[in-house]
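# Structure assessment
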Amino acid sequence: MKYRRLGKTDLKVSVVGVGTWQFGGDWGKDFNQPEVDRILNRAKELGINLLDTAECYGPHHMSENFIGNFLSRDRREDWIIASKFGHHWEDQWQNAWDTKQVRLQLEESLKALRTDYIDLYQFHSGSDEVFNNDDMWTMLDKQVQAGTIRHLGISIGSNKNIYQTNRASELNAKAIQVVYNRLEQEPEAEVLPSCMEQDLGVLARVPLASGFLSGKYKPGTVFTDNVRKNRDREENEAKLRLVEEIQRTEVPAGANMAEWALAWCLQHPAVSCVIPGCKSVEQVEANAKAVDLVRVDHPGTWRN
């Protein structure tokens, strides 16, 4: 595994992490604890140390609870846990941006994760209006001082949200999470340069473009999971045709499409870590192989 410094934090993150939205059941598979344990145990064996989750990944903190059950039987200090706030899903999905609601979400996430601190706590894809809540940020800064949060981050909802990105350092946020992949390169225009200027860590989410860059799907595929089935079919088809073209003209002979796509994200000097999801041990192994294609001359990169 290779590792990078997460911006101006003291965190050394594996360049490949594990995104855990899938543990909440929205991506066409329901998980149980033994399946999650196998995935996370294998991730650790491969040198992966970052898990990205959120309170709304599944009802009643489902993803966080799976992770917490695992952590209760593992060494917490071996992991960097990134979670998020701003949405709440019990019986239905709800926004929850009031300062008191955010404080409650933090308490519930700590309980679900079976830990007394979260390494990176991220504002989760909220509007600029709810972002501009001084009371919320003051409360969160107090939690940083108390040690329940090690570092604050911002997971921007739009790839072009330069307003929230530019204000990160002012609010003591030290990392930006953004959708970035070969099909969605908008962050390169303003967001990633701003991150470099401020020395912010960057977590690239959806690095496989919701599976389009995995190499598993061909034109004509009809998706049935809760996320992709609701997207425009013509748009899905156009992406699948583009991926075929990319595989034919850009992916080196003998290289795996998914490994190449993850390494493509990691070649940008601003990117600290990619956080692909995985539904099986085999997928986490495949994701980890991307490190073989990652240059060691990238700023802040080193082997364990």
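The structure under discussion appears in the preceding block.
The notes below deal with the structure included here. Predicted model, so just to flag it, every value in this text is computed and none were measured.

Running from amino to carboxyl end, helix H3 (residues 99–112) crosses helix H5 (residues 134–146) at an angle of 30 degrees, the nearest separation of the two axes being 9 Å. As judged from the angle between their axes, H3 and H5 are roughly parallel. With respect to the hand of their crossing, H3 and H5 are arranged in right-handed fashion. Only Asp135, Met136, Met139, Leu140 and Gln143 of H5 make contact with H3, whose side of the interface consists of Thr99, Val102, Arg103 and Leu106. Its residues assigned to classes, the contact of H3 with H5 comprises five nonpolar, two polar and two charged.

Here the focus is the packing of aromatic side chains. A full pass over the atoms with the stated rule returns 13 aromatic pairs. Seen in terms of ring centroids, Phe85 and Trp97 are 6.1 Å apart; in terms of plane orientation they differ by 70 degrees. Their pairing is edge-to-face. Of this pair, Phe85 sits in strand S5 (residues 80–85) while Trp97 sits in the loop between strand S7 (93–95) and H3, placing them 12 residues apart in sequence. Residues Phe85 and Trp97 agree in their burial class; the two are buried. Site record: aromatic cluster; members linked through ring pairs are Phe85, Trp97, Tyr121, Phe123, Phe131, Trp137 and Tyr163. The ring of Tyr3 has Lys12 lying over it, and the distance from NZ or CZ to the ring centre is 5.0 Å. Seen from the ring of Phe212, Lys239 lies directly overhead, with NZ or CZ sitting 5.3 Å from the centre.

In this section: the side chain of Ser272. Assignment of secondary structure puts Ser272 in the loop between helix H9 (257–266) and strand S12 (273–274). Residue classification places Ser272 among the buried positions, given a relative accessible area of 4%. In contact with Ser272, not counting residues within four places along its chain, are Arg4, Arg5, Leu6, Gly7, Val13, Ser14, Val15, Gly201, Val202 and Leu266.

Turning next to the environment of Leu171. Positionally, Leu171 belongs in the loop between helix H6 (162–166) and strand S10 (173–179). Separated by 160 residues in sequence, Leu171 and Leu11 have C-alpha atoms that sit 19 Å apart. The contact partners of Leu171, leaving out residues within four places of it in the chain, are Phe131, Trp137 and Leu152.

Here we come to the packing of helix H1 (residues 33–45) against helix H2 (residues 62–71). Where H1 contacts H2, the axes come no closer than 10 Å and their chain directions differ by 65 degrees. On the basis of their axis angle, the class for H1 and H2 is roughly perpendicular. For the element pair H1 and H2, the recorded crossing hand is right-handed. In this structure, H1 contributes Gln33, Val36, Asp37, Leu40 and Asn41 to the contact, and H2 contributes Asn65, Phe66, Asn69 and Phe70. Split into classes, the residues belonging to the contact of H1 with H2 amount to four nonpolar, four polar and one charged.

The next point concerns empty space enclosed by the protein. A complete count under the given rule lists one cavity of 30 Å³ or more for this structure. Classifying every residue of the lining of the largest cavity by side-chain character gives three nonpolar, two polar and two charged.

Within the largest apolar cluster, 77 residues are counted, with the highest numbers of intra-cluster contacts made by Trp137, Leu140, Ile154 and Ile176. When residues in this core are grouped by element, the largest group, nine residues, is from H9. Residues within four places of Ile176 in sequence aside, it is in contact with Ile154, Ile156, Thr165, Ala168, Val191, Cys195, Leu200, Gly201, Val202 and Leu203. If you look at the next biggest cluster of nonpolar residues, it comprises 11 residues, including Leu6, Ile80, Leu203 and Cys273.

Turning our attention to unusual backbone geometry. You will see that Ser125, though not glycine, has its phi angle at about 55 degrees, which is positive. Turning to its location among the elements, Ser125 is positioned in the loop between strand S8 (118–124) and helix H4 (128–131). The class for Ser125 is partly exposed, based on a relative accessible area of 29%. One non-glycine residue, Asn172, lies in the positive phi region at around 65 degrees. Positionally, Asn172 belongs in the loop between H6 and S10.

Attention shifts here to the sheet that holds S8. The eight strands are arranged S3-S4-S5-S8-S9-S10-S11-S12 in an open sheet whose pairing can be described as parallel. Of all the strands in the sheet, the pair left with one neighbour each is strand S3 (18–19) and S12. Relative to strand S9 (residues 149–155), S8 runs parallel, the two sharing six bridges. Bridge pairing links Tyr121 to Leu152 in S9.

Parameters and conventions
Residues numbered from 1 in each chain as written. Predicted model: local features only at pLDDT ≥ 70, side-chain atom pairs only at ≥ 80, totals over all residues. Heavy atoms only, no water. Axes fitted to C-alpha atoms, helices over the stretch in contact; angles between N-to-C directions. Helix = DSSP H or I, 4+ residues; strand = E, 2+ residues; numbered from the N terminus. Parallel < 35°, antiparallel > 145°, perpendicular 65-115°, else oblique. Left-handed = near helix turned anticlockwise from the far one by under 90°. Contact = heavy atoms within 4.5 Å. Nonpolar A, V, L, I, M, F, W, Y, C, P; charged D, E, K, R; others polar. Phe/Tyr/Trp six-rings, centres within 6.5 Å; stacked < 30°, edge-to-face > 60°. Buried < 20%, exposed > 50% of the residue type's maximum accessible area, 1.4 Å probe, protein only. Lys NZ or Arg CZ within 6 Å of the ring centre and 35° of its normal. 1 Å grid on protein atoms, 1.4 Å probe; cavity = no way out; pocket = protein on both sides within 12 Å on 5 of 7 lines; lining within 4 Å. Points joined across faces, edges and corners; volume = space filled by probe spheres on them. Core = buried A, V, L, I, M, F, W, Y, C linked by side-chain atoms within 4.5 Å. Pairing = 2+ DSSP bridges.

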